[in-house]
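# Structural overview
So you can see what is in the structure, the chains are spelled out below.
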Amino acid sequence: MLSPELLALLLLAVPLTSALLIAFFFRRAGTIAQVLSVGAAGAIALIAGHLIFRMGDAAVSVPWLTLGDFSLSLGFLINPLSKVMLGVVAFVGFLIHVFALGYMKGDTSIARFFGCMSFFMFSMLGIVLADNLAMLFIFWELVGVSSYLLIGYYLERPSAVAASNKAFITNRVGDFGFLIGIAWAWMQFKTLNLTEISAQIAADPSLALTGIALLLFCGAVGKSGQMPLHVWLPDAMEGPTPVSALIHAATMVAAGIYLLCRIHFMMTADALNVVLIVGVTTALYAGVCAVTQKDIKKILAYSTVSQLGYMVAAFALGTMYAAKHPEHAGHAALTVGAAAAMFHLTTHAFFKALLFLGAGSIIHGCHHEQNIFKMGGIAKKMPVTFVTFTAGYVALIGFPWVSGFWSKDTILYLAGQVSPVAEKFLLAGALLTAFYMTRLWVTVFWDRPKSDHSDHAHESPMVMLVPLLVLAVLAIVGGANLVYQPPLDALVNSLPHPDAATHHRLLVTSAVIVALGFVGGRLLYGWGAANDRLETSIRPLHALLVGVQRCFDVAYNWYVANVQQRVAELLGFLEHLLISGLVVRGSAAVAGVLGIAAKSLQTGNIHGYVYWFLGGLLAFWFLAFGF
Amino acid sequence: MDYQSLANANTWSAIAPEIALGLLALGLLVLEIVLPRAHHRLIPRAALVGQLALLAGLLFTISRDAGFHGASFGGLLVHSGIGDAFRVFFLLTSTLVTWMGIGALERQTLPRVEFFHIVLVVTGAMMLLVQSHHFVMLFVALETVTVGFYILVSYFRSSTSLEAGLKYLILGALSSAMLTFGIVLLYGVAGNKALPGASANALGFDALHTFLTLNAGNTVAIIGMILVLCGVAFKVGAVPFQIWIPDVYQGASTPITAFLAVGSKAAGFGVLLNLVTQVFPVGDSVLRHGLVFVAGATILFGNLAALTQRNTKRLMGLSGVSHAGYLLLGVTAATYPAAKWASGAVVFYLFVYMAASMAVFGVLSHLAKTDDAGLETDEFVDLGKRSPLLGGVLAVGLGSLAGIPPLAGFIGKVLLFIAAFQAGLYGLLGVAIAGVILSIYYYFGWIKMALFEFTRVVPREPGALELEIRAMPLGGRVTLAVLGLATLVLGFFQGPVSQWLNFG
């Protein structure tokens, strides 16, 4: 009766229905919109659970649009990879919807928020389920739209509007490459279906082209905030915090990683090198940027960029490792690269969503104060938030035996096997992570309150705390095998297991790194500070770091203002002159004059009208017989 | 042919719909005598019910494929699928005109029953007109239609209405004179025993076709054909015989304007299709050049003259001229062997045009003031807000007339343009597309006025005269909604209709 494809269809239909109902009927009815949207998220979680654990794999496709020999189809490809992603999106998405109930309480346009959230769920699930690049691209753009709508949710704030524009435009750059890649892929394979492309490449590996792989990777670079297109993600924190947690930490930004895993068979050795370099650089660079931030959400945003870099690197390292060690080519269901990347994606979704929701809870409690140096003493005021946030904190810095430790150490192990240089960079990134997170943690939670807002902080309501607690448990145990019941066990089973000596070495290295970062943070910030000690004590280093963080924005602004704007002005001038002036207004003027002339022929005089008839007859006479 | 054999050829059952319409028309007059004065308001409703019943019967007959096809009355009439389509078309039109008339006459102190009586008689005559296969039949039916319209146009007896009636009478008489003269010339030349193919029955379409094919270059025959086509061009409102349209449309009451714009025009096209595909050997002759020229001029004139028009009835009249141009494009295409199916496209376009025009005229008729001289487009401000149904139906109707996908008007135009493309009429196609672009300007100006508040530059002063919107009875709302929905549905799904109209 219930088939996988039917459930997949239902997964798309439920959030779409919710979004449409809210858009058309309940724009002013916040309560109904909340119930609809959260109900839809709950239904998605249930359906996804059934699909993941009770249903087998499936691949269905129906033609949608056929133009000559080109045809677009819509279809679902359900395999262990998409099941992992589906689980993350559905489960974390549901928790964040519940959290938003409390966080958005009292907001004036709450129906718009929940409508957009449902629309996002629809688009994101479309990416997860799509079986071909064209359909994937359509939903890819739809998540872009919903992200745009939600970043700019606080319409009255100019900074929010600017951030939403920045996110949208930056993503266009990446998506442009993605689109060209799709077109090229179609020329190369004559199909966009992932299963068919995979079969073609399996039969003839020379069909995989570095160019196609890199162009498709462009899409991932934009969506997952990899260098040099990372600039939009920190600004995207202008959106409501549940949005930051759902879209800009746990799911949408991870879509780029998912895309890489979905098209892993199209990768070539050269392409993998580029992917690795981009991932490693991003992981380290974003860590450096996070060190100087004061806004709690921006710190977490840069941390997200950094962790996404880890995932991209994980994919490249795992795929290279599998090529080097055919005996460890991975479980039949998942390649080593996909497993490593998706494992970190999953644990990251747990603890980063947790950290963002915790930050949201703090911001909510501190009356929308976001500067960490104006907080302080939150541990006593908001004990539950403190405990859960700490769980996320230890997971992110990779404290031994906590979820982040397992997934990050897998990456470090692969790096050690494949590329020692990458391993050094990634270790440095881990050190930075421990440092900036310790800085955040001590400044926010310890010492005394630094402002009235944090002095009057209050614990959040239950509806926000329950999702925090659930995610906190997962952030701690999310690396354990028992969390991944079949068929999700492919995720952990596909990974190579280091021998005991290497394992111990890794464990010690990680512990040392974490300890170093922690001690560094504590040395500089003690048990909290009223201002950024780095800024006050080591001024040149701070200025350098800020410069490094800002250089991309400065360069892009210069380019837009001095190159792009000039070209646009020139084109605008030509458009005004030639198209708008000559073609449009010119023809409109001609038509207008002719219209007035035609109207003036209507004299209302019947004698004149009779002459028209006779004139018409004469005209036909001449037409028939000449003059 | 002796009288007896002629009488044997009378197949009365073949014209059952026309006879039923005539009886219904007479029945209305009888009802007026029989019924007490207090119940006279039931008579128009009886007309409405009668027409709907007739429509149901007609559709049932067609769906069962049980109608009589072939020649009847000694070849005066020929019944075919396309004739059936036109019968349905005219009956739908007259039903809608009756519905509008009921509303319009309630605001007047005028005799009522005659109005509906004449509408029914004219409708029956139009049905015969498009099925006539003999010039005598054609002329009689045409004059019945025209005389009926003389009365209907001036029915409201206001000064504009009377002026319109007079203009229509004079110009209609002039065009009838041309038509008759053309028929006479054809009869004379085709009866000339010295020429090949001459016939004693020279006004029958078949014999005439044979004769004209054999005497392609005959000057008298050409003049005759041109004069006949000029007479028909008056009916459809093609350039240069379109000049009466704005004045007459504005002066006539809105239901009659709709009847003229839809019914009379369609009748003209029914005749024209018959003539150019069955009677006149258009071939590569001067007639075809004339058709192409007239179609292009009609499209351009109608659209250009409508550009600056603000009076809605004149606007509908002039834009109707452009629609006649698009239809002429289809008719011209139908004379090419490569695009024979264009006849079906023309009829389909007529149906689409009827649904959209009737939607617009229905709204206009409901909003009309007592003098019914046509509203200015500026008076439609806020219509969408004050009455979503009227605003929505108006927008759908105008959008369809403008040919905006996914409305039916788009498909109608696409079919005509494909036919023109297949016929190789590239130049004319270019003109038609330019015309469509022009038309978007005035149709959307009107829609914008009715639906979009933010486009208003100058805020209306609070004391300004507001258009009065009367409450609409349920039947009227349902009718408008059905017209709007039909336009929408035909835009998405044409399967059964296009199958029915596939005469090629």
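The structure presented is a predicted model; accordingly, all values stated were derived computationally and were not measured.

## Here we look at the overall build of chain B
Secondary structure assignment for chain B yields 20 helices and 2 strands. Every one of the 504 residues in chain B was classed for burial, and the buried ones make up 59%. Pairs at least 24 residues apart make up 78% of the contacts formed inside chain B by residues separated by at least 6 positions. Of the accessible surface of chain B, which amounts to about 18800 Å², a share of 68% is contributed by carbon and sulfur atoms.

## Focus on the overall build of chain A
In terms of helices and strands, chain A carries 25 helices and 2 strands. In chain A, which comprises 627 residues, the share counted as buried stands at 56%. The contacts in chain A between residues at least 6 apart in sequence include a share of 81% that link residues at least 24 apart. Counting only carbon and sulfur atoms, one obtains 71% of the accessible surface of chain A, whose full area is about 24700 Å².

## Structural notes on the side chain of Lys352 of chain A
Residue and element names in this part refer to chain A. Of note, Lys352 is situated in helix H14 (residues 336–365). Buried and without a salt bridge, Lys352 has Asp295 as its closest oppositely charged side chain, separated by 13 Å. For Lys352, the contacting residues outside a window of four places in its chain are Ala249, Leu300, Ser303, Thr304, Gln307 and Leu396.

## Topic: the environment of Arg107 of chain B
Residue and element names in this part refer to chain B. Positionally, Arg107 belongs in the loop between helix H4 (81–106) and helix H5 (113–131). Accessibility expressed as a relative area gives 25% for Arg107, which makes it partly exposed. When residues no more than four places from it in sequence are discounted, the contact partners of Arg107 are Ser365, His366, Ala368, Thr370 and Arg470.

## Some words on the pattern of salt bridges
Close approach of charged atoms allows side chains with opposite charge to pair. Residues and elements named next belong to chain B. Going through the model one piece at a time under the given rule, you end up with 15 salt bridges over all chains. Note that Lys167 is salt-bridged to Asp247, the shortest N-O span being 2.8 Å. Within this pair, whereas Lys167 is found in helix H7 (residues 159–190), its partner Asp247 is found in helix H10 (residues 245–251), the two being separated by 80 residues in sequence. Residue Lys167 shares its accessibility class with Asp247, and that shared class is buried. Glu468 is the partner of Arg470 in a salt bridge, and the nearest nitrogen-oxygen pair spans 4.0 Å. The exposure class assigned to Glu468 is exposed, which follows from its relative accessible area of 53%.

## Digging into the environment of Phe350 of chain A
With respect to the element layout, Phe350 of chain A can be found in helix H14. Counting along the chain gives 124 residues from Phe350 of chain A to Leu474 of chain A, while the straight-line C-alpha distance between them is 6.3 Å.

## A word on helix H13 (residues 312–334) of chain B
Residues and elements named next belong to chain B. With 23 residues, H13 extends 32 Å from end C-alpha to end C-alpha; this agrees with the ideal 33 Å at 1.5 Å per step. Within H13, 23 of the 23 residues are buried, which leaves the element mostly enclosed by the surrounding structure. Where H13 starts, the residue carrying a side-chain oxygen 2.9 Å from the main-chain nitrogen of Lys313 turns out to be Asn311.

## Section: the confidence of the model for chain B
Confidence along chain B averages 89 in pLDDT terms, with 96% of residues attaining 70 or more. Confidence metrics for the complex model read pTM 0.65 and ipTM 0.83.

## Side note on the interface of chain B and chain A
Facing the 35 residues of chain B at the interface are 22 residues of chain A. Note on chain B versus chain A: buried area summed over both sides is about 2500 Å², and carbon and sulfur give 84% of it. Inspection of the region where chain B meets chain A yields 0 salt bridges. Where chain B packs against chain A, one counts 1 residue pair in polar contact (both at pLDDT 80 or more). Listed by contribution, the elements that provide at least two residues to the side of chain B that touches chain A are H7, helix H9 (219–236), H10, helix H12 (286–307) and H13 of chain B. Within the side of chain B that touches chain A, the residues separate by chemical class into 24 nonpolar, 7 polar and 4 charged.

## A closer look at the packing of aromatic side chains
Two measures describe an aromatic ring pair: the distance that separates the ring centres and the angle between the ring planes. Taken as a whole and judged by the stated rule, the model has 46 aromatic pairs over all chains. Taking 5.6 Å as the distance between ring centres and 70 degrees as the angle between the ring planes, the aromatic pair formed by Tyr150 of chain B and Tyr168 of chain B counts as edge-to-face. Of this pair, Tyr150 of chain B sits in helix H6 (residues 135–153) while Tyr168 of chain B sits in helix H7; the two residues are 18 residues apart in sequence, bridging distant segments of the chain. For the residue pair Tyr150 of chain B and Tyr168 of chain B, the accessibility class agrees, reading buried in each case. Taking NZ or CZ as reference, Lys408 of chain A lies 5.3 Å from the ring centre of Tyr310 of chain A, over its face.

Procedures and definitions
Residues numbered from 1 in each chain as written. Chains lettered and ligands numbered in written order. Predicted model: local features only at pLDDT ≥ 70, side-chain atom pairs only at ≥ 80, totals over all residues. Heavy atoms only, no water. Helix = DSSP H or I, 4+ residues; strand = E, 2+ residues; numbered from the N terminus. Buried < 20%, exposed > 50% of the residue type's maximum accessible area, 1.4 Å probe, protein only. Contact = heavy atoms within 4.5 Å. Areas by Shrake-Rupley, 256 points an atom, 1.4 Å probe, with all protein chains shown as cover. Lys, Arg positive; Asp, Glu negative; His and termini not counted. Salt bridge = Lys/Arg side-chain N within 4 Å of Asp/Glu carboxyl O. Expected span 1.5 Å × (residues − 1). Polar contact = N/O pair within 3.5 Å; in protein donor to acceptor, adjacent residues only side chain to side chain. pLDDT = per-residue confidence, 0-100. Buried area = accessible area lost by both parts, 1.4 Å probe. Nonpolar A, V, L, I, M, F, W, Y, C, P; charged D, E, K, R; others polar. Phe/Tyr/Trp six-rings, centres within 6.5 Å; stacked < 30°, edge-to-face > 60°. Lys NZ or Arg CZ within 6 Å of the ring centre and 35° of its normal.

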